[in-house]
Each structure stands twice: as structure tokens, then as C-alpha cells.
Amino acid sequence: YIAYSNGYDAIGFTSTNNWTYSSTRIYFSNTSTSIDLKMKTYTGGWNDEYAYFKNPIDLTNVKQVRIVGSFYNNGATSSGVGFVTSSNLNTIYPTWSKKIDLTSSVKEVITDVSSLKGSYYFGTVNRCDGTARNAMKITEFELIY
């Protein structure tokens, strides 16, 4: 099931209203051909921000998630991209139900999610310092049954 592919959006990924943000320092910079979340510069030392897709995704019968994308990690162990069980998004230290290993360069990553049953929230947590950063960029998001 192709949820998102180079601008084709079956589930509302590119609607900025479908995301919850920890602050205005994490924002969408492009939604035409990618889901592109960025961090604004922060001069007060380190700053942790998150964004989660508000609509849970049922992974009960999903075997794998295929993502073509990238993630910039500035050294925080809790930073990443993945799925969490709770819509209580008051934390920058999520308990990842399944973390997806995206790197700073765009590549295809296929992640086994067959052990996850029920609904999960997809999101990203990022750490920023005094320079703007790409938090997460996704050009394809597919659920493989």
C-alpha cells in the first residue's frame, strides 16, 4: 500500500494540520515532492523538537514498512524516526515501538514491523544547535502486507 510517493499522498502526510509539533522551531519546508521537516536555528545551546502524524496507522497485518528518505541526527540517542504507541506527545524521549534507521543521505530502508499489532503514531524527534537542520525528509512511504 503506497501511502506517499513523490507528491502522491493517500493518507494526508503533506497536510501540515495532520501533524503535532513540539514548537514552531520544527516545520514543513516542502510538501510538493517530499515530506520535508526542518529545524530552525537555535542559539541557546541544544534544542530538542518532535513532530508526529496525528492519525494512527494500523500495523496489525503489515509485514514491512518501506521508506525512501533521510534523517539528520545531531548526536542525541533519543533522536530518530519511527513508530510510538501513544498520542501523548509531551516527550522528546519517546519509547520507540520501532525505530527506523534512516541516515543523513537519502536511501531506501525496509523495516520489519510484523511484531507490531494495532495502531501506532509515526513521527520524528530531532536535536538542533545553532544551525538549521533537515530533521526528516521522506519521498516514499509504503506499507507492505
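Up top is the structure.
Residues numbered from 1 in each chain as written. Predicted model: local features only at pLDDT ≥ 70, side-chain atom pairs only at ≥ 80, totals over all residues. Heavy atoms only, no water.

**Student:** Would you take a moment to explain the overall build of the protein for this structure?
**Tutor:** Of regular secondary structure, the protein possesses 0 helices and 13 strands. Along the chain direction, N to C, the helices and strands of the protein fall in the order β-β-β-β-β-β-β-β-β-β-β-β-β. Taken over the C-alpha trace, the protein has a radius of gyration of 14 Å; the compact-globule value for 145 residues is 15 Å, and the two agree within 12%. Here the protein, with 145 residues, has 44% of them falling under the buried criterion. Of all intrachain contacts in the protein linking residues separated by at least 6 positions in sequence, the fraction that spans at least 24 positions is 72%. In the protein, 13 positive and 11 negative side-chain charges are present, and the distance between their average locations comes to 4 Å. (Helix = DSSP H or I, 4+ residues; strand = E, 2+ residues; numbered from the N terminus. Rg over C-alpha atoms; globule rule 2.2 N^0.38 Å. Buried < 20%, exposed > 50% of the residue type's maximum accessible area, 1.4 Å probe, protein only. Contact = heavy atoms within 4.5 Å. Lys, Arg positive; Asp, Glu negative; His and termini not counted. Charge placed at Lys NZ, Arg CZ, Asp CG, Glu CD.)

**Student:** Help me understand the pattern of salt bridges in this model?
**Tutor:** Per the counting criterion, the structure on display carries 4 salt bridges. With a closest N to O distance of 2.9 Å, E140 and R66 form a salt bridge. Of this pair, E140 sits in strand β13 (residues 133-144) while R66 sits in strand β8 (residues 64-71), placing them 74 residues apart in sequence. Pair check on accessibility: E140 and R66 agree, each one buried. Here R66 makes a salt bridge to E142, at a shortest N to O gap of 3.3 Å. Of this pair, R66 sits in strand β8 while E142 sits in strand β13, and the two are 76 residues apart along the sequence. (Salt bridge = Lys/Arg side-chain N within 4 Å of Asp/Glu carboxyl O.)

**Student:** Just checking my understanding: could you explain unusual backbone geometry for this structure?
**Tutor:** Trans peptide bonds make up most of the peptide bonds, and negative phi angles are found at most residues other than glycine. Phi angles above zero are rare outside glycine, and N6 is one such case at about 45°. Tracing the chain through its elements places N6 in the loop between β1 (2-5) and β2 (8-9). What makes N6 partly exposed here is its relative accessible area of 43%.

**Student:** Just checking my understanding: could you explain the packing of aromatic side chains for this structure?
**Tutor:** To describe a pair of aromatic rings, you give the distance between the ring centres and the angle between the ring planes. Throughout the structure, instances matching the rule amount to 9 aromatic pairs. Seen in terms of ring centroids, F13 and F122 are 5.9 Å apart; in terms of plane orientation they differ by 55°. Their pairing is tilted. Separated by 109 residues along the polypeptide, F13 in the loop between β2 and β3 (19-21) and F122 in strand β12 (residues 119-128) bring together distant segments of the chain. Residue F13 is classed as buried on the basis of its relative accessible area, which comes to 0%. An aromatic cluster is built from F13, W19, F28, F53, F83, F122 and F141, whose rings are joined through pairwise contacts. Across the ring face of Y27, the terminal group of K40 is positioned such that the distance to the ring centre comes to 5.6 Å. (Phe/Tyr/Trp six-rings, centres within 6.5 Å; stacked < 30°, edge-to-face > 60°. Lys NZ or Arg CZ within 6 Å of the ring centre and 35° of its normal.)

**Student:** What is the right way to read the nonpolar core from this model?
**Tutor:** Across soluble globular proteins, nonpolar side chains have a tendency to be buried as a group. Of all hydrophobic cores here, the largest spans 32 residues; its most connected members are F13, W19, F83, F122 and F141. Elements with a contribution of two residues or more to this core: β1, β4 (26-30), β5 (35-39), β6 (47-53), β8, β9 (80-84), β12 and β13. If you tally residues by element for this core, the top one is β13, at 5 residues. Excluding residues that lie within four positions of it along the chain, F141 makes contacts with Y1, I2, A3, Y4, F13, I57, V65, R66, I67, F83 and F122. The next biggest cluster of nonpolar side chains, apart from the first, holds 6 residues, and it includes Y50, V84, W96 and Y121. (Core = buried A, V, L, I, M, F, W, Y, C linked by side-chain atoms within 4.5 Å.)

**Student:** Looking at this structure, how should I read the pairing of β8?
**Tutor:** Look at any regular strand and the pattern is simple: side chains alternate between the two faces of the sheet. Within β8, 7 of the 8 residues are buried, which leaves the element mostly enclosed by the surrounding structure. Examined bridge by bridge, β8 and strand β11 (residues 107-112) share 6 bridges and lie antiparallel to one another. If you follow V68 over to β11, its bridge partner there is E108. Of the pairings in the sheet, the one linking β8 to β13 comprises 8 bridges and is antiparallel in character. Its bridge partner lying in β13, V65 is registered against L143. (Pairing = 2+ DSSP bridges.)

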